[in-house]
Amino acid sequence: PRRAMLVIPCSGDKTRGGQRNSQPIPTASWPESLSMARARVWTQANADERRVMPAWRRYKGRFYQQAERGLGAAVAAGVSVIILSGGYGLLRADEPIGTYNKVLKRSDWPPGLLESLLADEAVRVGAEAVIAFAAATTGYAQLIRGAPWRQRGIAPVFLLTITGVGGGAMAKVPSRLGQALTALWERDHDGLPAGLSLERLA
């Protein structure tokens, strides 16, 4: 994982507050096409950037609660971590963001834009692999599966999902995916959650 690009979902639950923001947030070197698309989505997302904090600290859903130790270590080690976001499209983990209320829908974004930028980011950072985490039937997983990994010459690409969950899947799946990230980072095979499934995309 230290030589891979990690791809993770955002969460509905967010930490409030942050550092007061007195000027427009820079777009972290993303192409102008993403900035323009973000501006359109924000009109529906109740975006508020008066206070900002690094993206990986803004989210506090069940995935982030369970992944906190591994995710924090990955960010501290300088590993490329990309967050798929309903309000921002794509985010680098340390990118400062405000709050918003928007579930990721691929139809909100120009066709193929997020998929192409995701694969381009793996090329830009020189990732030796891509390891992604997402519930199997969500828009996050669809976006990951739809990225042009092969066209960009990126391999291997793995998507980790959770299968076989009965009642309470909306809570159990993100929790288990967060556990998987920390276990992967710490090379703790015993910490891998039940139902973990791996898809090789490229």
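Notes on the structure follow.

### Examining the overall build of the chain
Assigned secondary structure in the chain consists of six helices and nine strands. Rg of the C-alpha trace for the chain: 16 Å, near the compact-globule value of 17 Å for 202 residues, within the 12% margin. Seen through its C-alpha atoms, the chain measures out along the principal axes to roughly 45 × 35 × 35 Å. For the chain, the proportion of its 202 residues judged to be buried stands at 48%.

### What to know about the packing of helix α1 (residues 32-45) against helix α4 (residues 113-125)
Angle between the axes and distance between the axes: these two values describe a pair of packed helices. Where α1 contacts α4, the axes come no closer than 11 Å and their chain directions differ by 140°. Comparing their axes, α4 and α1 come out oblique. Like other packed secondary-structure pairs, α1 and α4 cross with a definite hand, here left-handed. Side by side, α1 and α4 meet where Ser33, Leu34 and Ala37 of the first sit next to Leu113, Leu114 and Leu117 of the second. Residue composition of the contact of α1 with α4, by class: five nonpolar, one polar and no charged.

### Some remarks on the sheet that holds strand β7 (residues 129-133)
Judged by pairing direction, the sheet is mixed, and its six strands sit side by side in the order β5-β4-β1-β7-β8-β9 without closing on themselves. On the outer flanks of this sheet lie β5 (89-92) and β9 (196-200), each paired with one strand and no other. Adjacent strand axes in the sheet meet at a mean angle of 25°, parallel and antiparallel pairs treated alike. Of the strand pairs in this sheet, strand β8 (residues 157-162) and β9 are connected by five bridges, and their pairing is antiparallel. Counterpart to Leu160 in the pairing with β9 is Leu198.

Rules of the game
Residues take numbers from 1 onward in each chain, read along the sequence in its written order. Selection of residues for local features in this predicted model requires a pLDDT of at least 70, selection of side-chain atom pairs for listing and counting requires 80 or more, and totals for whole chains, interfaces and linings are taken over all residues. Note: side-chain values were computed over all heavy atoms of the structure, leaving out hydrogens and water. Only runs of H or I of at least four residues qualify as helices and only runs of E of at least two qualify as strands under DSSP, and these elements are numbered from the N terminus. Each radius of gyration is computed over the set of C-alpha atoms, and the globule rule expresses the reference value as 2.2 Å times the number of residues to the power 0.38. Partly exposed describes any residue whose relative accessible area lies between the buried limit of under 20% and the exposed limit of over 50%, with all areas from a 1.4 Å probe on protein chains only and scaled to the type maximum. Whenever a helix is involved, its axis is fitted only over the stretch in contact; in every case the axis is a line through C-alpha atoms, and angles between N-to-C directions fall within 0 to 180 degrees. Any angle that falls under 35 degrees is termed roughly parallel, while one over 145 is termed roughly antiparallel, one within 65 to 115 roughly perpendicular, and all others oblique. Handedness of a crossing follows from how the near helix is turned relative to the far one, being left-handed for an anticlockwise turn of less than a right angle and right-handed for a clockwise one. By the convention used here, residues are in contact when the closest approach between their heavy atoms is within 4.5 Å. Side-chain classes follow a simple rule in which Ala, Val, Leu, Ile, Met, Phe, Trp, Tyr, Cys and Pro form the nonpolar group, Asp, Glu, Lys and Arg form the charged group, and the remainder, Gly included, forms the polar group. DSSP calls a pair of strands paired once it identifies at least 2 bridges connecting them.

On their own, these measurements won't tell you what the molecule is for.
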